[in-house]
Every structure is written in structure tokens, then in C-alpha cells.
Amino acid sequence: MANKKENTVEEKLRALYDLQLIDSRVDEIRNVRGELPLEVQDLEDEVLGLKTRMDKLKTDVETVNFEIAAKKNLIEESKVLIKKYAEQQKNVRNSREFNSLSKEVEFQELEIQLAEKNIKEFKAQIEQKKEVISTTKEKLSEREGHLKHKKSELDAILAETEKEEKALLKKSEEFEENIEERLILAYKRIRHNVKNGLAVVAVERGASGGSFFTIPPQVQVEIASRKKIITDEHSGRILVDPLLAEEEQVRMQKMFAKI
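Taking an unreviewed UniProt entry as the reference, the protein chain is identified by name as Zinc ribbon domain protein belonging to Flagellimonas eckloniae.

Structure, rendered in C-alpha cells:
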């Protein structure tokens, strides 16, 4: 691979400031989206959770209905047995057989009472679950409507910005390739550590952009000379002179307009 031509300090400063302008534009696009992607994801998870709960409640109701049907069958079987034992009592030969059949009848009557009690309890469970299903259904409908609205918002923003963001990210990579690695590493480190991701800023009214700390006149002269890369002693940001910043802003705006 051929060696890159050694750029002047001014060229390095321009390249770094250009990269900052590109990355700041990407930040602006992402800020427009804000928390929407996370909101949509949270709503999707909530809707899925509500649907899962609805399915479980419906399955529970079906299971309880199955139990009710089983108890009703048991009641019918007990009634058949009671009738059978009653008929047998008419033909008993002694009181011992009669008492034995009476106990069987009594047992089946208790079985019927217990089954009826269970059915009553099961029906109460079903009513309770149906109330929860109704409440969950209303909440699900409301959250699905909210999700649809938020998705529509996000889709509209993505439609407006996704193409530009992809183009800018590609430009950012291209610009990084033309800047020496140590400067890129420093730029990314500063960008990560400072507010608003501004790693390269212009001097404004004698202070670092976004800062209230005045830069000594001698340092301002050095910045304007563009002979060396100077950082703000308070924020660590790389500093460029206002004229260079203005020139690059105009140039980059023309590039943004073509994207």
C-alpha cells in the first residue's frame, strides 16, 4: 500500500473539523428520532406480553370448563348409581344389604354435593378470569393503538432521515481514512468525553466554543497561525480559528445539500 502524503497541520485541522461537522449532523438526525425507537420496542414488548397473558387466560378458562364438564359427568353418573341402588334396595333380603346400599346412595349424594360445590367454584373462577380478560383486552387495544401511532411517527422520521444518515456515515468513514490514526483516536476519545459530542470547536469571543473560559491572547494567535494542533486546557477539545471554521461550514453545507 502506498504511503499517504503528509498533510500540513492546517489540512489536518480542516479534516478534523469537517469530520466533526459530519458527525454532528448525524447526531442531529439521531436526536430527532430521540427515544422513539426505544419507545416502540418497549410498546412491542408490552403488547406481546399482553397477548401472551390473554392466551394463557383463555387456556385457563378452557381448562376450567373442561373440569366443569367432568364434574357434570360425575353428577350424572352418581345419579344413575343412586337410581340403581334405590332399585336394588327394593329386592334386598336383609337389613344389612339395605344399609349397605343406603351407604352407597349417601356416598353418591355426597359426591354430587361436592361436584356441585366444585362447579360453583369453577364458575366463579371463570367469571374472575373473564373480567381479567376483558380488562387485558381493553389495555391491549389501547397499547396496540399507541404502538401503531408511535411506529407511524418513527417510520415517517426514518423515511426522511435514514438515507441521509447512511450517506453521512459513509462520508464519515471516508474522511476518517484521510486522517492519521492517532488523531482519529484522540478525536473519538474527546468526542466520547465531552458534552454534545463536540471534539473540535472554533474559538468564539476569545473562548473555546461552548465554554466560558477565556483563551489567552498568545494561544489565540497560535490557533490562528494553524501551525500546530492545540487543545483547550479545560475541556480537552481541539481548537480551530473562526475563519477556518466558517470556510469549512460553508463547504460542508454544500456537500450536505447534495446528499
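Caption draft 1: Spatial organisation of the sheet that holds strand β3 (residues 230-231). Here four strands make up an open sheet; going across it, the order is β2-β1-β4-β3 and the pairing mixed. Lying at the two open borders of the sheet, with one neighbouring strand each, are β2 (207-208) and β3. Two elements, β3 and strand β4 (residues 238-240), share two bridges in a ladder whose sense is antiparallel. Considered in β4, the bridge of Ile230 is made with Leu239. Along the sheet, helix α1 (residues 9-33) makes contact with β1 (200-204) and β4, crossing β4 at roughly 105°.

Caption draft 2: Just the pattern of salt bridges, in detail. Scanning all chains against the criterion turns up 26 salt bridges. The salt bridge partner of Glu222 is Lys228, with a shortest N-O separation of 4.0 Å. For Lys228, a relative accessible area of 47% gives the class partly exposed. Asp241 is paired through a salt bridge with Arg226; the nearest N and O atoms lie 2.8 Å apart. Of this pair, Asp241 sits in the loop between β4 and α6 (242-258) while Arg226 is found in the loop between α5 (217-225) and β3, placing the two residues 15 residues apart along the sequence. This pair shows no difference in class: Asp241 is buried, exactly as Arg226 is. Linked by salt bridges that have partners in common, Glu10, Arg14, Asp18, Arg226, Asp241, Glu247, Glu248 and Arg251 make up one network.

What counts and what doesn't
- Residues numbered from 1 in each chain as written.
- Predicted model: local features only at pLDDT ≥ 70, side-chain atom pairs only at ≥ 80, totals over all residues.
- Heavy atoms only, no water.
- Pairing = 2+ DSSP bridges.
- Helix = DSSP H or I, 4+ residues; strand = E, 2+ residues; numbered from the N terminus.
- Contact = heavy atoms within 4.5 Å.
- Axes fitted to C-alpha atoms, helices over the stretch in contact; angles between N-to-C directions.
- Salt bridge = Lys/Arg side-chain N within 4 Å of Asp/Glu carboxyl O.
- Buried < 20%, exposed > 50% of the residue type's maximum accessible area, 1.4 Å probe, protein only.

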